[in-house]
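# Working through the structure, step by step
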Amino acid sequence: MRILLCDDDPMILVQMEKYLKEYFQKAHLRVPDIASYTSGDALLRSESTAEIAFLDVEIPGLSGIYTGEKLKKKNPSIKIFILTSYMDYLDEAMKFHVFRYLSKPIEKARLFRNVKEALYQIEMETRPVAIETKDGVIVRQAEDIVFVETERHKTKIVTIDAVYEVNSPIRMWNDLLQIGGFYQTHRSFIVNMRYVGEFTKDTVKLNLPDGQTCSAYLTKRRYSDFKSNYLLYLESTR
């Protein structure tokens, strides 16, 4: 894993690196490679790739917002944290789906909580899932699965670009997808909350990346629980 730090205050860079190393050591995780930059220009010139980036907003040259947008275009799954003493940039930053906004001075306990959540999402999104069909086994990332549907003793795995028919029962898929972000809305459906566009008390509308939509049933007695879980999911992605 690689983490990028970008701030024109050397003390912040030193503090952040210290905190991050402390978190990974306490969590008994391998300490990642941490690269520090004092400007967005220098960071982008380095063509560094990473899973997580912490960016100050007001830095010399290219702003943290612009730098974050460029990093997102290069790697849409990167988790970007914006560090700032000013909240005026919130709307602009949220346009490219900033993972978290952290105010200065940095509170260590809050940083630790948010890093933990970022690592959990990265694990969920990059977890490989083996889909066994009659023609063989296809390995996809969990985040690519839009929903699972069972009908007439057959189960369909609908991904962002393909549909796979498998013989394994939906209960097996419910157990397999206990990794956050998935919810069994009905005995016949498991949905990925990443693709939820809207829902009523009996239907969940899912938006596919190509602009198409599809629907899954939602059991009325599960509506309140689904709504609570979906709101928690949204909070975790902000």
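Coordinates for the structure precede this section.
Source: prediction; values computed, not measured.

## Some points on helix α3 (residues 64–74)
For α3, the set of buried residues is Gly64, Ile65, Thr67, Gly68, Leu71 and Lys72. All buried residues of α3 project into a common sector of 160 degrees when viewed along the axis, lining one side.

## Section: the nonpolar core
Grouped together as the largest cluster of nonpolar side chains are 23 residues, with contacts concentrated most on Met16, Phe54 and Leu111. For this core, the secondary-structure elements that each account for two or more residues are β1 (2–6), α1 (10–26), β3 (52–56), β4 (79–84) and α5 (108–126). Element by element, the count of residues in this core is highest for α1, at seven residues. In contact with Met16, not counting residues within four places along its chain, are Leu5, Phe54, Leu83, Ile106 and Leu111. Formed by 19 residues, the second largest nonpolar core is a distinct cluster that contains Val158, Val191, Val196 and Phe226.

## Let's talk about the sheet that holds β1
Hydrogen bonding along the main chain pairs the strands of a sheet, whether they run parallel or antiparallel. Pairing within the open sheet is parallel, and its five strands lie in the order β2-β1-β3-β4-β5. The two strands at the open ends of the sheet, each matched to only one other strand, are β2 (33–37) and β5 (100–103). Neighbouring strand axes in the sheet, compared pairwise and without regard to direction, differ in orientation by 15 degrees on average. In the packing of α3 onto the sheet, the strands contacted are β1, β3 and β4, and the crossing angle to β3 comes to about 160 degrees.

## Details of the pattern of salt bridges
Under the definition given, this model contains eleven salt bridges. When the shortest N-O distance is used, the salt bridge between Asp33 and Arg2 registers 2.6 Å. With Asp33 in strand β2 and Arg2 in strand β1, this residue pair connects regions lying 31 residues apart in the sequence. Note that Asp7 and Lys104 form a salt bridge whose closest N and O atoms lie 2.7 Å from each other. Remark: Lys104 occurs in the loop between β5 and α5 and Asp7 occurs in the loop between β1 and α1; sequence separation between them is 97 residues. Three or more residues joined by partner-sharing salt bridges are found here, namely Asp7, Asp56 and Lys104.

Thresholds applied
- Residues numbered from 1 in each chain as written.
- Predicted model: local features only at pLDDT ≥ 70, side-chain atom pairs only at ≥ 80, totals over all residues.
- Heavy atoms only, no water.
- Buried < 20%, exposed > 50% of the residue type's maximum accessible area, 1.4 Å probe, protein only.
- Helix = DSSP H or I, 4+ residues; strand = E, 2+ residues; numbered from the N terminus.
- Arc of directions from axis to C-beta.
- Core = buried A, V, L, I, M, F, W, Y, C linked by side-chain atoms within 4.5 Å.
- Contact = heavy atoms within 4.5 Å.
- Pairing = 2+ DSSP bridges.
- Axes fitted to C-alpha atoms, helices over the stretch in contact; angles between N-to-C directions.
- Salt bridge = Lys/Arg side-chain N within 4 Å of Asp/Glu carboxyl O.

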